[in-house]
Amino acid sequence: MIYTGSSNGLSFPSPGACIYCGDAAMPRSREHIIPYSLSGNWVIQDASCASCADITSKIEARCSRGFFSEIRTHLELSTRRKKRRPEALVITEVSKSGEIQFSLPVKDHPYRFTTVDLEPCTYLGGKDASETTHVRAVAIKFQQDYERRISLLGSGSFAHDSKIDYLALYALLAKIAHAYAAAELGHGSYQPLLLDVIYGKPVPVSTYIGGTGVIGEMTPWNVIHRCRVFKEDILGIQHILCDVQLFSNLGAPIYRIAVGRSINAC
Ligand SMILES: [Zn+2]
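Because the structure is a prediction, the values reported are computed rather than measured. (Residues numbered from 1 in each chain as written. Predicted model: local features only at pLDDT ≥ 70, side-chain atom pairs only at ≥ 80, totals over all residues.)

Core analysis: the biggest nonpolar cluster contains 58 residues, and L173, A177, I257 and V259 have the highest contact counts within it. Those elements that provide at least two residues to this core are β4 (42-49), α1 (50-64), β7 (112-118), α4 (166-185), α5 (195-198), β12 (226-234), β13 (237-245) and β14 (255-262). When residues of this core are assigned to their parent elements, the largest contribution, 14 residues, is made by α4. The residues touching L173, leaving out its near neighbours within four places in the chain, are I209, V244, Y255 and I257. (Core = buried A, V, L, I, M, F, W, Y, C linked by C-beta atoms within 7 Å. Buried ≥ 20, exposed ≤ 12 C-beta atoms within 10 Å, placed from the backbone. Helix = DSSP H or I, 4+ residues; strand = E, 2+ residues; numbered from the N terminus. Contact = placed C-beta atoms within 7 Å.)

Here the focus is the sheet that holds strand β6 (residues 98-105). In space, the three strands of this open sheet follow the order β6-β5-β9, with antiparallel pairing throughout. Each edge of the open sheet carries a strand with a single partner, namely β6 and β9 (157-159). Across this sheet, the average inter-strand angle for adjacent strands is 40°, counted without regard to direction. When strand β5 (residues 88-95) meets β6, the two strands line up antiparallel, connected through eight bridges. Bridge pairing in β6 links V94 to E99. (Pairing = 2+ DSSP bridges. Axes fitted to C-alpha atoms, helices over the stretch in contact; angles between N-to-C directions.)

We now examine the pairing of β14. For β14, the buried fraction is high: six of the eight residues fall into the buried class. In this sheet, β14 lies alongside strand β10 (residues 190-192) in antiparallel orientation, the contact comprising three bridges. For Q191, the partnering residue across the bridge sits in β14 and is R261. As defined by bridge partners, strand β11 (residues 209-211) adjoins β14 across three bridges and the pair is classed as antiparallel. Along β14, the bridge assignment pairs I209 with I257. Bridge count for β13 against β14 is six bridges, and the pairing is antiparallel. By the bridge assignment for β14, I240 is matched with G260.

Note on placement: Q101 falls in strand β6. For Q101, a count of 9 C-beta atoms within 10 Å puts it in the exposed group. Taking the C-alpha atoms as reference points, Q101 and F158, 57 residues apart in sequence, are found 9.6 Å from one another.

As a further point, take the sheet that holds strand β2 (residues 10-12). Two pairing modes exist for strands in a sheet, parallel and antiparallel, and in both the strands are linked by backbone hydrogen bonds. Taken in spatial order, the three strands make up an open sheet running β2-β4-β3, and their pairing is mixed. Edge positions in the open sheet fall to β2 and β3 (28-32), since each of these has one partner strand only. For this sheet the average axis-to-axis angle between neighbouring strands, irrespective of direction, equals 35°. Bridge analysis of β3 against β4 gives four bridges, and the strand direction is antiparallel. Each residue of the ladder has a partner; that of E31, found in β4, is I44. Lying on the sheet, α1 is in contact with β3 and β4; it crosses β4 at an angle near 125°.

As a further point, take the confidence of the model for the chain. The share of residues in the chain with pLDDT of 70 or more is 92%, and the mean pLDDT across the chain is 89. Every residue in residues 1-7 scores below 50 in pLDDT, and together they form 22 contacts with partners more than four places removed in sequence or on other chains. (pLDDT = per-residue confidence, 0-100.)

A few words on the pairing of β4. Bridge analysis of β2 against β4 gives three bridges, and the strand direction is parallel. When the bridges of β4 are listed, S11 appears paired with V43.

Below, the structure written as structure tokens:
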């Protein structure tokens, strides 16, 4: 069960209720599994009530206007406001006297995609929840002329990596994994584990969301992201797991997320 975010969109039928809160009475809108702003084109019809859509769209906005904004510009990912796509991006020169920001045309802007490698989540055999888990920043150089762009800057010291909003990233991964599992297996077929993370409750995010240690597996350039949902027995209980690789075309890390416990399965 591997689906990849190619140019061909996937459409899943209505689950008959909001895939997050389960409400079946209020009107619902269609739900992008991976946000449209990241060129996601898998959609569940009639799947998210207004209040849950408000929550998930805020998570998406924090990511797409925050630490994913530069990669979106460089890869020309989808936007509903094409005219507002930046023609220049900011770079920061760091010196003893402080930081100076200036902008460069996108074609000259040196950029490494900065993302994060996670330890396995505690639920899947990672560390105990009371221990500190580590995250490791990963900078992926994908511009063929990156060195040329750097050489244009002269000899100064520059910050050109994006800063990651970890909580927003965890919430986004939770939302994607939950929605994809609901699309593939049916809403209500499992007891969800990720709703607290999606709703922004103060829970340890590394309990259900972690890494696989796999970095560098690349899909073709036009396949930007991929997800895989599968079942696995954990301590005798069947669980739903989801692997999510955002920016698989850049070989970004693959995350593994515990989505839920199967209902009526032992
Ligand atoms: Zn809802």
